[in-house]
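What the coordinates show
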Amino acid sequence: MPYGWWGRLLEVDLSTKSVKVTKVDRSTMRRYIGGRGLGVKILWDRLGRKWEEVDPLGPDNILLILTGPLTGYYPGGRVCVTGKSPQSNGVVGSTVGGEFGVELKCAGYDGLIVNGVAEKPIYLWIEDEEVDVRDASHIWGKDSRETLRVLTKELRSEMSKERPLSDVCKEPSILYVGPAGENKVRIAAVAAKITHAAGYGGYGAVMGSKMLKAIAVKGTGPLPEVAEPDVFEKALDDVCKSLAQSFMMRYWGTGSAGYTVGADTSSEPIRNWQEEWHDETKYGSSFFESKVWIKRFWGDFGCPTTCLKLAMIKYGKFKGTLTDNPDYELQAYLGTNLGVFEPEGGVYLSAKADDLGLCGIQVGNTLGFAAELYQRGILTKEDLGFELKWGDVESFARLQEMIAHRIGIGDVLAEGTYRAALKIGKMKNVNLMPYAVQVKGIGVGAHGIRSGLDYTKPTAYVCSLQGGDHTSVSNLDEKNRPEEWEIILIDSAVVCWFNFRKEHVYRFFKAVAGWNISEDELYSETAPRIAAIQRALLLLGGPDVYWDPRVDDDNPLRFYEPLPSGPKKGATVKKEDVDKLKRIYYEVAGWDEYGLPRVEALEKLGISEVGKALERVKQRLQTS
Amino acid sequence: MGVCVLNEEKAKIWIFRDYERCSGCRRCEIACSLKHEGRIWPEASRVRVFMLIPGLEIPHLCTQCPDYPCISACLFKALTIDEKTGAVLVDVDKCTGCGKCIDACPGKVPFIHPRMRYAVICDLCGGEPECVRVCMEAGYNALLKVPRFATQAYKVYARKPEDIVKDLALKVYGEEWEGWI
Ligand code: SF4
Ligand code: SF4
Ligand code: SF4
């Protein structure tokens with residue numbers, strides 16, 4: 001028996017309604033770890049040969065929900081949602097906090113593979129070894145909160161009835177989609193609990209395309225045994241004690257950044273990134289705190305950090321609105337990026353994104369894009385049906401609804417910023433890429449690069465395996481190694497970025513899984529192997545979009561405009577510098593002049609078959 | 001308070017619980033199951049955290065009712081009181097898993113072990129509660145170890161999580177959430 005994981009994946013085919021257990025062997029686990037890495041491997045094995053033909057929203061795509069060997073052991077429960085992304089047409093390892101991964105493991109599985117498409121709305125109910133594909137017509141069309149409420153209630157009352165005794169049973173853990181996912185909106189998230197979401201990648205749309213409204217799981221067993229129980233308990237104590245020290249993070253979460261990233265680092269998106277500086281102290285964390293935060297510490301399984309705060313508005317026109325913090329990303333994307341500078345407005349729009357099942361970052365990016373088109377007279381009142389002025393919370397909420405339900409112009413915006421820019425550009429006969437702040441189909445996270453003061457360096461998004469994803473950036477670290485290699489480890493072990501402490505994680509690998517992973521092994525083998533496949537799949541792309549690294553390994557055009565305001569006024573990055581840095585990055589990553597993983601490197605990593613697939617990319621690039 | 005101090009039952013402890021402070025981190029479940037089962041096993045933890053309404057998690061554990069209805073209900077004398085701490089101890093050899101203690105408990109605190117046929121009840125860890133240690137270490141302080149007095153309203157804590165959370169929801173989230181569960 002392996003330690004820390006079971007070697008068992010639950011595989012469901014929705015077309016045939018069949019269920020089986022698929023084994024994962026030790027060497028695969030050791031090489032690909034779990035989560036993002038294992039996902040990339042499974043997708044490559046199963047779809048690599050015909051990747052370009054696989055429609056991310058068609059029956060051939062595979063939805064993967066994967067834990068990692070540290071899930072449940074390392075503080076902060078998370079699970080990785082992946083598949084072929086309807087945003088980047090590559091693979092995005094999208095992780096979400098909560099107890100789902102732990103429940104799944106307690107049910108005896110390391111993950112879930114969902115194939116095919118159901119004929120009508122269904123949900124999956126996994127209770128240890130019993131797996132049921134069930135009708136979901138009663139929750140189809142329901143918003144997030146109602147979906148969760150109805151499912152929790154019905155499953156819990158069913159579990160209670162099954163019990164011969166009067167003891168109370170705990171709730172199952174549920175992943176679900178809101179209306180946006182059902183309507184195959186490419187910027188739809190997969191949600192957990194309330195206000196928890198796997199946003200990047202657009203896997204809510206993948207669930208919707210499979211008519212899969214939700215997945216509920218209850219595992220009554222223990223987590224797998226660990227390799228070194230005593231060392232593990234000590235390691236757990238140590239890391240928890242150390243994490244509990246991060247006072248500011250615990251107290252404010254990422255919320256204080258809503259002010260500081262604007263005021264101090266000048267890297268916060270404002271009005272679709274036309275500016276990145278603000279000094280609105282009334283948007284600081286103390287205002288959120290005193291007006292709308294109702295719960296300071298809310299943590300996922302085992303977490304001493306609890307970055308998530310709960311916000312609720314108890315007064316005025318947005319009364320009753322409940323959401324998280326909003327965390328920094330949404331303070332920025334559903335606040336400043338839309339010219340909204342009152343906490344209530346951001347909380348309202350963030351809760352709306354939750355209810356509709358939209359990714360808050362992506363929809364904030366797309367709303368900002370649309371508002372700039374309105375500002376420039378490219379989108380008009382006739383196109384929208386109403387005015388879309390900066391700071392107008394109600395209009396943005398209305399547009400969110402239209403996106404989630406694909407109504408009017410919302411149908412186009414539902415394709416996400418990149419595809420909407422192409423479509424509206426064609427409609428209006430203008431190039432809209434200067435206003436589309438995205439990389440490879442993914443709106444960039446709320447950390448700009450122009451001021452040079454944030455953690456995001458000039459190539460942060462340029463070579464990222466996950467496009468604009470701010471949690472998977474392609475910086476070079478202080479030892480001149482790709483920072484994304486370490487992020488691959490984080491997403492494959494499936495631990496939380498905020499809880500990641502290098503020494504502790506390596507210690508956990510040893511104590512939990514019995515793996516002696518050295519930093520050297522990570523940087524020379526494990527991460528480059530996963531990265532090479534992920535890069536290959538990204539560049540294979542298709543069927544509706546293909547990336548050309550010569551053009552698309554680049555920043556959004558906006559990032560080459562000088563910052564117009566603030567202490568960093570005039571700051572920008574230069575295209576030629578970025579190109580130079582990009583060459584260095586390619587070199588370090590083991591990629592050739594096209595940005596394709598080198599054949600020799602692939603051979604060394606034992607994945608030479610990836611090289612053959614890359615021939616297809618090379619051909620495309622040479623003929624275009 | 002002065003009167004109560006006089007009535008302090010020597011060396012007996014109680015686990016104070018403040019639901020509003022609970023972060024839902026479930027570190028108590030992790031610690032309790034590691035100690036008693038040697039594994040991380042939320043469903044077998046003597047303290048179980050219920051998330052019937054997200055954001056309002058309820059750590060659910062025995063409160064040591066002064067009249068111990070569970071003990072009187074047991075037909076097999078499987079339950080006894082730990083002289084030292086006041087905890088309910090389960091004799092797993094005598095316990096048949098009949099569930100009479102659960103019926104008798106106003107809070108439906110005991111449950112049958114998910115793999116074995118015996119009841120599971122908090123044993124106060126012999127006086128050094130693991131759940132309290134980790135909860136305090138994390139700074140949440142939702143569970144605290146306090147001295148036990150003879151005259152305190154301990155029994156009111158023996159309530160079903162669905163009832164506790166309904167009240168809490170009214171207070172924290174408002175009326176709209178009353179019908180959630
Ligand atoms: S350890 Fe404390 S804060 Fe965490 S779930 Fe248990 S009672 Fe709540
Ligand atoms: S809370 Fe329940 S289990 Fe504990 S002493 Fe009271 S009746 Fe017994
Ligand atoms: S005191 Fe000990 S047995 Fe009781 S709930 Fe806490 S950890 Fe479990």
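What counts, and where the lines are drawn
Here the residue numbering is sequential within each chain, running from 1 through the sequence in written order. All chains are assigned letters beginning at A, and all ligands numbers beginning at 1, according to the order in which they are written. The predicted nature of this model means local features are confined to residues of pLDDT at least 70 and side-chain atom pairs, given and counted, to a pLDDT of 80 or more, with totals for whole chains, interfaces and linings taken over all residues. To obtain the side-chain values, all non-hydrogen atoms of the structure were used and water was disregarded. To count toward a patch, a residue needs a relative accessible area above 30% and no salt bridge. Like charges then connect within 9 Å, nonpolar side chains (Val, Leu, Ile, Met, Phe, Trp, Tyr) within 5 Å. Exposure was quantified through the Shrake-Rupley algorithm and a 1.4 Å probe, taking into account, for residues, occlusion by the shown protein chains and nothing else. Criterion for a salt bridge: a side-chain nitrogen of Lys or Arg within 4 Å of a carboxyl oxygen of Asp or Glu. Each helix is a run of H or I in the DSSP string that is no shorter than four residues. Each strand is a run of E no shorter than two, and both are numbered from the N terminus. Think of it in three bands: with a 1.4 Å probe and only protein chains considered, a residue is buried below 20% of the maximum accessible area for its type, exposed above 50%, and partly exposed in between. We call a set of buried Ala, Val, Leu, Ile, Met, Phe, Trp, Tyr and Cys residues a nonpolar core when their side-chain atoms join them within 4.5 Å. For the domain bounds, the source is a domain assignment made automatically or taken from a database. Contact definition: two residues touch when any of their heavy atoms are within 4.5 Å. Paired strands are those between which DSSP finds at least two bridges. To get an axis, fit a line to the C-alpha atoms, keeping to the stretch in contact for a helix; angles then go from 0 to 180 degrees between the N-to-C directions. Think of pLDDT as the predictor's per-residue confidence, scored from 0 to 100. Using a 1.4 Å probe, buried area is obtained as the accessible area two parts lose upon being combined, added over both of them. In the analysis that follows, any N or O atom pair within 3.5 Å is treated as a polar contact, provided that within protein one partner can donate a hydrogen and the other can accept it, and provided that, for residues neighboring in sequence, both atoms belong to side chains. Throughout, the term near means that a residue has one or more heavy atoms lying within 4 Å of the molecule or strand in question. The nonpolar class holds Ala, Val, Leu, Ile, Met, Phe, Trp, Tyr, Cys and Pro. Asp, Glu, Lys and Arg form the charged class, and all remaining residues, Gly among them, are polar.

**Details of a nonpolar patch on the surface**
Residues and elements named next belong to chain A. There is a patch of nonpolar side chains on the surface, built from Leu581, Ile584 and Val588 and spanning about 200 Å² of accessible area. Along the chain, the position of Ile584 falls in helix H22 (residues 575-589). The exposure class of Ile584 is partly exposed, given its relative accessible area of 40%.

**Digging into the environment of Val231 of chain A**
Considering the arrangement of structural elements, one finds Val231 of chain A in helix H7 (residues 229-244). Taking relative accessible area as the criterion, Val231 of chain A reaches 35% and is therefore assigned partly exposed.

**Structural notes on the nonpolar core**
Counting 193 residues, the largest nonpolar core has Phe232, Leu358, Leu399, Ile403, Ile424 and Phe508 of chain A as the members making the most contacts within it. Top element by residues in this core is helix H20 (residues 519-540) of chain A. It accounts for 12 residues. Residues from two domains meet in this core; each of domain 1 (1-245 + 476-547) and domain 2 (246-443) of chain A gives at least three. Beyond its immediate stretch of four places on either side in the chain, Ile403 of chain A contacts Val185, Ile187, Leu358, Val363, Leu367, Gly410, Leu413 and Ala414 of chain A. Of all hydrophobic cores here, the second largest spans 36 residues; its members include Ala136, Cys169 and Ala191 of chain A together with Trp180 of chain B.

**Overview of the sheet that holds strand E3 (residues 63-66) of chain A**
All names here are of chain A. The strand order across the open sheet formed by six strands is E2-E1-E6-E3-E4-E5, and the pairing between neighbours is mixed. The two strands at the open ends of the sheet, each matched to only one other strand, are strand E2 (18-23) and strand E5 (94-97). The average undirected angle you get between the axes of adjacent strands in this sheet is 20°. Across the sheet, helix H2 (residues 35-47) touches strand E1 (8-13), E2, E3, strand E4 (78-82) and strand E6 (111-115), and the angle it forms with E3 is around 150°.

**Details of the sheet that holds strand E9 (residues 173-176) of chain A**
What holds strands together in a sheet is hydrogen bonding between their backbones, with the strands either parallel or antiparallel. Residue and element names in this part refer to chain A. A sheet is described by the order of its strands in space; here six strands give the open sequence E8-E7-E12-E9-E10-E11, paired in mixed fashion. Sheet topology places strand E8 (130-135) and strand E11 (196-198) at the edges, where each strand pairs with a single neighbour. Here the average twist between neighbouring strands, direction ignored, is 20°. Sheet topology places E9 next to strand E10 (residues 190-192); two bridges connect them, and they run antiparallel. For Tyr176, the partnering residue across the bridge sits in E10 and is Ala191. Lying over the sheet, helix H4 (residues 144-162) contacts strand E7 (122-127), E8, E9 and strand E12 (212-218), oriented at roughly 40° with respect to E7.

**Quick word on the environment of Val185 of chain A**
Residue and element names in this part refer to chain A. Mapping Val185 onto the fold places it in the loop between helix H5 (179-182) and E10. In this structure Val185 comes out as buried when scored by relative accessible area, which is 0%. In sequence terms Val185 and Ile42 are 143 residues apart; their C-alpha atoms lie 25 Å from each other. Residue contacts for Val185: discarding those within four places in its chain leaves Ala180, Ala205, Leu358, Ile403, Ala404, Arg406 and Ala414.

**A closer look at the confidence of the model for chain B**
In low-pLDDT segments, the atomic positions of the prediction should not be examined closely. All names here are of chain B. Confidence along chain B averages 93 in pLDDT terms, with 94% of residues attaining 70 or more. Low pLDDT, under 50, characterises residues 1-6; the predicted model gives this stretch five contacts beyond four residues in sequence or across chains. The complex prediction reports pTM at 0.97, with the ipTM value standing at 0.96.

**Observations regarding the domain arrangement of chain A**
Residue and element names in this part refer to chain A. Partitioning chain A into structural domains gives domain 1 (1-245 + 476-547) and domain 2 (246-443). Of note, the centres of domain 1 and domain 2, computed from C-alpha atoms alone, are 26 Å apart. Both sides of the domain 1 and domain 2 interface together cover about 3,500 Å² of buried area, and 59% of this is carbon and sulfur. A per-residue breakdown of the area domain 1 buries against domain 2 is headed by Ile187, Thr195 and Tyr200, which together make up 19% of the total. For the pair domain 1 and domain 2, the interface holds three salt bridges. We note a salt bridge from Arg186 to Glu415, for which the minimum N-O separation is 2.9 Å.

**Topic: the interface of chain A and chain B**
On the chain B side, the residues contacting the 54 residues of chain A number 51 residues. Together, the buried faces of chain A and chain B total about 4,200 Å²; carbon and sulfur atoms form 56% of this surface. Glu99 of chain A serves as the salt-bridge partner of Arg26 of chain B, at 3.1 Å between the closest nitrogen and oxygen. Put simply, chain A and chain B have 25 residue pairs in polar contact (both at pLDDT 80 or more) between them. Of all the elements in the fold, those that place two or more residues in the side of chain A that touches chain B are H4, H7, strand E13 (293-298) and strand E14 (308-312) of chain A.

**Remarks on the site of ligand 3**
Residues and elements named next belong to chain B. Close to ligand 3 lie 13 residues, the nearest being Cys32, His36, Cys122, Cys125 and Cys131. Secondary structure elements with two or more residues in the shell around ligand 3: helix H2 (27-37) and helix H5 (130-137). A breakdown of the residues in the shell around ligand 3 according to their chemical character gives nine nonpolar, one polar and three charged.

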